[in-house]
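# Commentary on secondary and tertiary structure
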Amino acid sequence: MAYYFDEPSRTFNEYLLVPGYSPSTCVPAAVSLKTPLVRYRKGEEECPISLNIPMISAIMQAVSDDGMAVALATEGGMSFVYGSQSIESQAAMVARVKDYKAGFVTSDANLSPDMTLAQVVELKERLGHSTMPVTEDGTATGKLLGVVTERDYRLSRMSLDEKVADFMTPREKLIVAPVSTSLKVANDIIWDHKLNSLPIVDEDDHLVSLVFRKDYDSHKSNPNEMLDDHKRYMVGAGINTRDYAERIPALVEAGVDVLCIDSSEGYSDWQKFTIEWVREHYGNTVKIGAGNVVDAEGFRFLADAGADFIKVGIGGGSICITRETKGIGRGQATATIEVAAARDAYFKETGVYVPICSDGGIVYDHHISLALAMGSDFVMLGRYFARFDESPSNKVMVNGSYMKEYWGEGSARARNWQRYDLGGDKKGMTFEEGVDSYVPYAGALKDGVALTLSKVRSTMCNCGALTIDELQDKAKLTIVSSTSIVEGGAHDVLLKDKTPYVSNTSH
């Protein structure tokens, strides 16, 4: 006879946090959102990798490429570059993130000595840059011959036909630094010599990058940056259970920090085999997450297999139709609560703490607070990040409003059949488990994440918690009725602005 769960399958929207005592020391500015990403012996050792904010971006074509990875790492989270592409392409994305040096800018406004002042003015108006390197071939990596800034010309006194070579500041008058220069040293040179910019050159005097005075403040304003031991941005990557023996070595060589098996359902031998292969070839030096699961049995299976973190959730994503097409899944809140309890029991039994990630079902910003209170160490978000400038999807106008394209990995557009692979012969996709859609455009990631996390910190203070651990210990949660959900929003008034309030779709 089939097993029946006693409790209904509930979503985040069916819960509220009940406020607790908030001492005067509990203010949002004092809240720490640091959280473990991978397994460790809690109380005995430090977690090898911790996130500075509890947010990672989904392993999706419409969400996580190298641009998203840099933007999210800047804020303290981590992206998992999508795996539904060629091994070479994915490894190249990872390598670009690891090679990206915060504060070192590749020049996109470059001049050659035979260009004219008219061309300088046109380039400045088009790109907005007042500092333009002059290289032998006019490229960003050519031999450096000089620099043109606004101080080098006056339109009222010069002919627009004048050549760049005649008014540029020549190479011999420039202060430059070698390619081995660190960002700290570069900034010291800029301040010591009162420069606006510092060209970085290689041993052949070819331009490599520029460091700008104005970027110093920007770098200092990102104290949560996710950086490795070599001060490079950290990045994850998604893999599947088919070609891991070829894909993982390429990703490791590219410098990936964490892997994650991307699958709609993780309670399977295929994930176990993949993790075992990693341990056989790399020991514990390569970190790998697994999932997704929705109950204690699934968690225990993957924890015993050696997963470094475990993702929770099936069918709760906004573009996922797995529940409709296959009838499997579980309400995200119920799944999170049960798996968190299994995680705590596993820790009590083994001394090993295996972080869990709530993946899917987060519609409003406050759902992140609920997921953390229910036991999630961090959350994975797709639709949320797809809305921002930094996502790889197209920005389009739909019915007078800007939107971003957003499609599921189980959609015909993505054709990521490996994510839904159940073994046997390769058959490709036989039916869809995701849709192709639009989400409201929301501007820059930095602004959106800052607003969302300000709400999370405020909620934590309402619960008297300054850390995620403390929130999970002190949180009091109540189930809400359908009528109290209505009561929780604006009601019995005539709204001036009739646009529905949806906190993370209309920032």
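You'll find the structure just up there.
Presented here is a report on the structure given in the accompanying data block. (Residues numbered from 1 in each chain as written. Predicted model: local features only at pLDDT ≥ 70, side-chain atom pairs only at ≥ 80, totals over all residues. Heavy atoms only, no water.)

## Brief notes about helix H12 (residues 365–373)
Across the nine residues of H12, eight count as buried, placing the element largely inside the fold. Within H12 the residues assigned to the buried category are Asp-365, His-367, Ile-368, Ser-369, Leu-370, Ala-371, Leu-372 and Ala-373. In the stretch just after H12, Gly-375 is the one whose phi turns positive, near 125°. (Buried < 20%, exposed > 50% of the residue type's maximum accessible area, 1.4 Å probe, protein only. Helix = DSSP H or I, 4+ residues; strand = E, 2+ residues; numbered from the N terminus.)

## Focus: helix H3 (residues 117–127)
Within H3 the residues assigned to the buried category are Leu-117, Val-120, Val-121 and Leu-123. Along the long axis of H3, the arc covered by the buried residues comes to 165°, so they all point the same way. H3 presents Glu-125 and Arg-126 as exposed residues on the side facing more than 90 degrees away from its buried surface. On its buried side, H3 packs onto strand E6 (132–135), strand E7 (144–148) and helix H4 (164–167). With its phi angle positive at about 80°, Gly-128 sits one or two positions after the end of H3. (Arc of directions from axis to C-beta. Contact = heavy atoms within 4.5 Å.)

## What to know about the sheet that holds strand E8 (residues 169–170)
Spatially, E6-E7-E8 is the arrangement adopted by the three strands of the open sheet, whose pairing is antiparallel. Looking at strand neighbours, the two that pair on one side only are E6 and E8, the edges of this open sheet. In this structure, E7 lies alongside E8, joined through two bridges in antiparallel fashion. By the bridge assignment, Val-147 is partnered in E8 with Thr-169. (Pairing = 2+ DSSP bridges.)

## Points about the nonpolar core
Counting 107 residues, the largest nonpolar core has Leu-37, Met-55, Met-78, Phe-80, Leu-259, Phe-299 and Phe-385 as its most contacted members. Setting aside residues up to four positions removed in sequence, Leu-259 forms contacts with Phe-80, Ala-237, Ile-239, Ile-248, Leu-251, Val-286, Lys-287, Ile-288, Gly-289 and Phe-309. Grouped together as the second largest cluster of nonpolar side chains are 15 residues, Leu-111, Met-115, Val-134 and Val-148 included. (Core = buried A, V, L, I, M, F, W, Y, C linked by side-chain atoms within 4.5 Å.)

## Points about the pairing of strand E16 (residues 356–359)
Alternating positions in E16 separate into two faces, Ile-356 and Ser-358 on one and Cys-357 and Asp-359 on the other, with burial throughout. Two elements, strand E15 (residues 310–312) and E16, share three bridges in a ladder whose sense is parallel. When the sheet's bridge partners are listed, Val-312 is paired in E16 with Ser-358. Bridge count between E16 and strand E17 (residues 378–381): three bridges; the pairing is parallel. Along E17, the bridge assignment pairs Ser-358 with Val-379. At this point the chain moves from E16, through H12, to the parallel E17, and the crossover so formed is right-handed. (Right-handed = clockwise from strand over helix to strand, strands pointing away.)

## Description of the environment of Ala-118
Take Ala-118: it is sitting in helix H3. Note on Ala-118: relative accessible area 33%, which makes it partly exposed. Considering only alpha carbons, one finds Ala-118 and Lys-163, 45 residues apart in sequence, at a separation of 9.2 Å.

## Remarks on unusual backbone geometry
Gly-291 connects to Asn-292 through a cis peptide bond whose omega is 10°. Among the structural elements, Asn-292 can be located in strand E14 (residues 287–293). Even without glycine at this site, Asp-205 takes up a positive phi of about 65°. Mapped onto the elements of the fold, Asp-205 is located in the loop between strand E10 (197–201) and strand E11 (207–212).

## Some thoughts on the pattern of salt bridges
Here the structure, examined in full by the defined rule, presents 21 salt bridges. Linking Arg-10 and Glu-14 is a salt bridge whose minimum nitrogen-to-oxygen distance equals 3.0 Å. What makes Arg-10 buried here is its relative accessible area of 17%. Among the ionic pairs, Glu-75 bridges to Lys-446, the shortest N-O distance being 3.4 Å. Taken as a pair, Glu-75 in helix H1 (residues 66–75) and Lys-446 in helix H14 (residues 445–462) lie far apart in primary sequence, 371 residues in all. Here the salt bridges share partners, and the residues they tie into one network are Lys-98, Asp-228, Arg-232 and Asp-257. (Salt bridge = Lys/Arg side-chain N within 4 Å of Asp/Glu carboxyl O.)

## A closer look at the packing of helix H8 (residues 269–282) against helix H9 (residues 296–305)
Here H8 crosses H9 at 20°, and the two axes come no closer than 9 Å. What the angle tells us is that H8 and H9 run roughly parallel. Note on packing geometry: the crossing formed by H8 with H9 is right-handed. Taking contact as the criterion, the partners of Asp-269, Gln-271, Lys-272 and Ile-275 in H8 are, on H9, Phe-301, Leu-302 and Ala-305. Within the contact of H8 with H9, the residues separate by chemical class into four nonpolar, one polar and two charged. (Axes fitted to C-alpha atoms, helices over the stretch in contact; angles between N-to-C directions. Parallel < 35°, antiparallel > 145°, perpendicular 65-115°, else oblique. Left-handed = near helix turned anticlockwise from the far one by under 90°. Nonpolar A, V, L, I, M, F, W, Y, C, P; charged D, E, K, R; others polar.)

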